[in-house]
Amino acid sequence: MTAPATAGGPCPECGVQNAADHNYCKHCGTPLRAVDVERELGTGFAERTRDRCLQLLKADPENASAHYNLGLAYYHLGQIGNAIRAFEQAVRFEDAYPGAHFQLAVCHYRRSAMGECAAASRRALELNPASVPARYRLAMALFHLGKLHEAAGAFEQTLAGDPEYVMACYHLGVIRERLDDDKGAVECFERVVEANPRDSSAHYHLGLGYRRLGLEGLAMSAFAEALRLDPSDTATAEELQSLQR
C-alpha cells in the first residue's frame, strides 16, 4: 500500500501514536487515512492478513495485536465466530485494548447477542470514554434489550460527541416516540430528514409526530413525502388516507 503523505500522529479512536506509513492504527485497527477497503479485500487482503497473523502467532502466541488483526481478517471474511475468538484472545493478553473490545461488541451485535454487545461496549468505553462508535453500539444494544431510558441516554451522549451521527438521532426519535415524547421525537426526525431527505422512514415517523401534536397539515406533507419516496409502504398510505377523509 502507498504510504500517506502526511506525518505520523495519534489515532483518532484510541490516541496511540502511529508512524506516517501506517494505514491502520497499530493498536486498535482504526483507518488512519482513506483506504479503498473493497479493492483491498477484493485482491485477497483479508486472506493475506489472516495467513500472516497465523504465522506470527505460531512464533508469538500471546501477541495481542496479531490476534486483533486476525479478528479483523476473519470479520471481513464473514467468519464471525472465528473473529470473536480472535478478539477474545486479544483482550485476554491485553485487556486494556479498546479497539478489541469494540470489535467484540460489533461481532456480538452481528450475532444478535445484545447482552454481550453491551458488556463489550461498556468495557471499550471504560478504556476510551470519548469513543463515539462504542457509545453508539452500546445504545443500540440497550435499545434492542428494551432498556429504552438507558438507550436514550446513550444516544444523547453519542450525539453530544458527534452531532452528525444521524442514525443515533433516528433511534433516539423512535425511543421518544415510544415514550410519548412527541415534541422530542419530532425534533429528532426533523434533524434526520434535514440530513437525509430521502429517508422515507424518517418522514413517516415525522408525520406520526406531527399528527400527534395536532399539526395535520405538516403531518399530511410528511406522509406524502414518505409515500413518494416509498410508494409500497401501506402504513404510510393508510395514515395519509385517514387525514384526507
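Rules used in this analysis
Residues numbered from 1 in each chain as written. Predicted model: local features only at pLDDT ≥ 70, side-chain atom pairs only at ≥ 80, totals over all residues. Heavy atoms only, no water. Helix = DSSP H or I, 4+ residues; strand = E, 2+ residues; numbered from the N terminus. Buried < 20%, exposed > 50% of the residue type's maximum accessible area, 1.4 Å probe, protein only. Contact = heavy atoms within 4.5 Å. Areas by Shrake-Rupley, 256 points an atom, 1.4 Å probe, with all protein chains shown as cover. Expected span 1.5 Å × (residues − 1). pLDDT = per-residue confidence, 0-100. Axes fitted to C-alpha atoms, helices over the stretch in contact; angles between N-to-C directions. Parallel < 35°, antiparallel > 145°, perpendicular 65-115°, else oblique. Left-handed = near helix turned anticlockwise from the far one by under 90°. Patch = residues over 30% accessible without salt bridge, like charges linked within 9 Å, V, L, I, M, F, W, Y side chains within 5 Å. Salt bridge = Lys/Arg side-chain N within 4 Å of Asp/Glu carboxyl O. Lys, Arg positive; Asp, Glu negative; His and termini not counted. Charge placed at Lys NZ, Arg CZ, Asp CG, Glu CD.

### Re the overall build of the protein chain
Here comes step 1: Helix and strand counts for the protein chain stand at 13 helices and two strands.
Here comes step 2: Buried residues in the protein chain amount to 48% of all 245 residues.
Here comes step 3: Considering only intrachain contacts with a sequence separation of at least 6, the fraction spanning at least 24 residues in the protein chain is 38%.
Here comes step 4: A total accessible area of about 12,600 Å² is found for the protein chain, and carbon and sulfur atoms account for 49% of it.

### Thoughts on helix 3 (residues 64–76)
Here comes step 1: Taking 1.5 Å as the rise per residue, helix 3 with 13 residues should run 18 Å; its terminal C-alpha atoms sit 19 Å apart, in good agreement.
Here comes step 2: Among the 13 residues in helix 3, 10 count as buried, and that is most of the element.
Here comes step 3: Listed in full, the buried residues belonging to helix 3 are A64, A66, H67, Y68, L70, G71, L72, A73, Y74 and Y75.
Here comes step 4: Of the residues trailing helix 3, G78 is marked for its positive phi of about 80 degrees.

### Topic: the environment of P133
Here comes step 1: Take P133: it is sitting in helix 7 (residues 132–144).
Here comes step 2: Each C-alpha atom, one on P133 and one on V106, is 9.8 Å from the other, the two residues being 27 residues apart in sequence.

### As for the confidence of the model for the protein chain
Here comes step 1: Across the protein chain, the average pLDDT comes to 88, with 82% of residues at or above 70.
Here comes step 2: Of all secondary-structure elements in the protein chain, the lowest mean pLDDT belongs to helix 1 (residues 37–42), at 51, while helix 6 (residues 114–127) reaches the highest, 98.
Here comes step 3: Of the regions scoring below 50 in pLDDT, residues 1–7 engages in 14 contacts with residues more than four places distant in sequence or in other chains.
Here comes step 4: Every residue in residues 34–38 is under pLDDT 50, and counting partners more than four places away or in other chains gives four contacts.

### Re the packing of helix 5 (residues 98–110) against helix 7
Here comes step 1: One can describe the packing of helix 5 onto helix 7 by two numbers: an axis separation of 10 Å at closest approach and a directional angle of 30 degrees. Looking at the two axes, helix 5 sits roughly parallel to helix 7. The crossing of helix 5 and helix 7 is left-handed. Contact residues: helix 5 offers F102, A105, V106 and Y109, while helix 7 offers P133, A134, R137, M140 and H144.

### Details of a nonpolar patch on the surface
Here comes step 1: There is a patch of nonpolar side chains on the surface, built from L213, L215 and L218 and spanning about 240 Å² of accessible area.
Here comes step 2: Checked against the element boundaries, L215 lands in the loop between helix 11 (200–212) and helix 12 (216–229).

### Concerning a negative patch on the surface
Here comes step 1: A grouping of D180, D181, E187, E190 and E194 is seen on the molecular surface, where their side chains present a negatively charged patch.
Here comes step 2: Tracing the chain through its elements places D181 in the loop between helix 9 (166–178) and helix 10 (182–195).

### Some details on the pattern of salt bridges
Here comes step 1: All chains considered together, the criterion is met by eight salt bridges.
Here comes step 2: In this structure, the salt-bridge partner of D95 is R123, at a minimum N-O distance of 2.4 Å. Residue D95 is found in the loop between helix 4 (80–93) and helix 5, and its partner R123 is found in helix 6; the two are separated by 28 residues along the sequence.
Here comes step 3: Residue D95 is classed as partly exposed on the basis of its relative accessible area of 38%.
Here comes step 4: Overall, the relative accessible area of 23% leaves R123 in the partly exposed class.
Here comes step 5: Two residues, R122 and E150, come together in a salt bridge whose shortest N-O distance is 3.4 Å. In this pair, R122 sits in helix 6 while E150 sits in helix 8 (residues 148–161), placing the two residues 28 residues apart along the sequence.
Here comes step 6: Connected through shared salt-bridge partners, D95, R123 and E126 make up one network.

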